[in-house]
Amino acid sequence: MSLSRGVGFHVRSQKLESDLWAVEMYNCCRLKCRTQVHLRNIVCPVDVKREEFRKYLEHAGVMDALTNVLVSLYESSERPEDALEYLRRHFMGSDSVKVEKQEVESLKKELCDAKAQIAELKLKLSKHDAQYSPQSSPN
């Protein structure tokens, strides 16, 4: 009899310990939830600005572009030495780099032509000034 009574006591004490643990967890979760609800009701200006900025980035498509480039970097079999350069290349794209280089060359040529024209006009102006400058007139 004492053996069965001891086993029953052991089972009951385990049940009591698990019940106490459950109550403790319940109280902990209840307190945590109450605290989180309380904190959610507090409006932080930094959080508002951060949320507005996040919405702006999403609306502009920046988040999708970043995600796509980062996913392609993650899925690439070989990691590039310069991850930042990888991001630059993928954001600009190879076609836009070619177009940009062509535009730079075109602008350089245009600048060179404009400088030559300025030099030519300065020369004409100096000749004109020399031709029509008042000479010392005889009195």
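All of these numbers come straight from a predicted model, not from anything done at the bench.

Draft legend 1. Structural view of the pattern of salt bridges. If you walk through the whole model with that rule in mind, you get 5 salt bridges. Measuring nitrogen to oxygen at the nearest pair gives 3.5 Å for the salt bridge that ties E85 to R88. Residue E85 and its partner R88 are located together in helix α4 (residues 83-132), separated by 3 residues, close to a single helical turn. Residue class for E85 comes out partly exposed when judged on its relative accessible area of 33%. The structure contains a network of salt bridges with shared partners spanning E51, R54 and E58.

Draft legend 2. Just the confidence of the model for the chain, in detail. Averaged over every residue, the pLDDT of the chain is 75; the share at 70 or more is 60%. Mean pLDDT in the chain bottoms out at helix α1 (residues 2-40), which sits at 53, and peaks at helix α3 (residues 62-75), which reaches 88. In the model, residues 1-11 has pLDDT below 50 throughout and makes 0 contacts with residues more than four positions away in sequence or in other chains. The model gives residues 34-38 a pLDDT under 50, and that stretch makes 0 contacts with residues more than four places away or in other chains.

What counts and what doesn't
- Residues numbered from 1 in each chain as written.
- Predicted model: local features only at pLDDT ≥ 70, side-chain atom pairs only at ≥ 80, totals over all residues.
- Heavy atoms only, no water.
- Salt bridge = Lys/Arg side-chain N within 4 Å of Asp/Glu carboxyl O.
- Helix = DSSP H or I, 4+ residues; strand = E, 2+ residues; numbered from the N terminus.
- Buried < 20%, exposed > 50% of the residue type's maximum accessible area, 1.4 Å probe, protein only.
- pLDDT = per-residue confidence, 0-100.
- Contact = heavy atoms within 4.5 Å.

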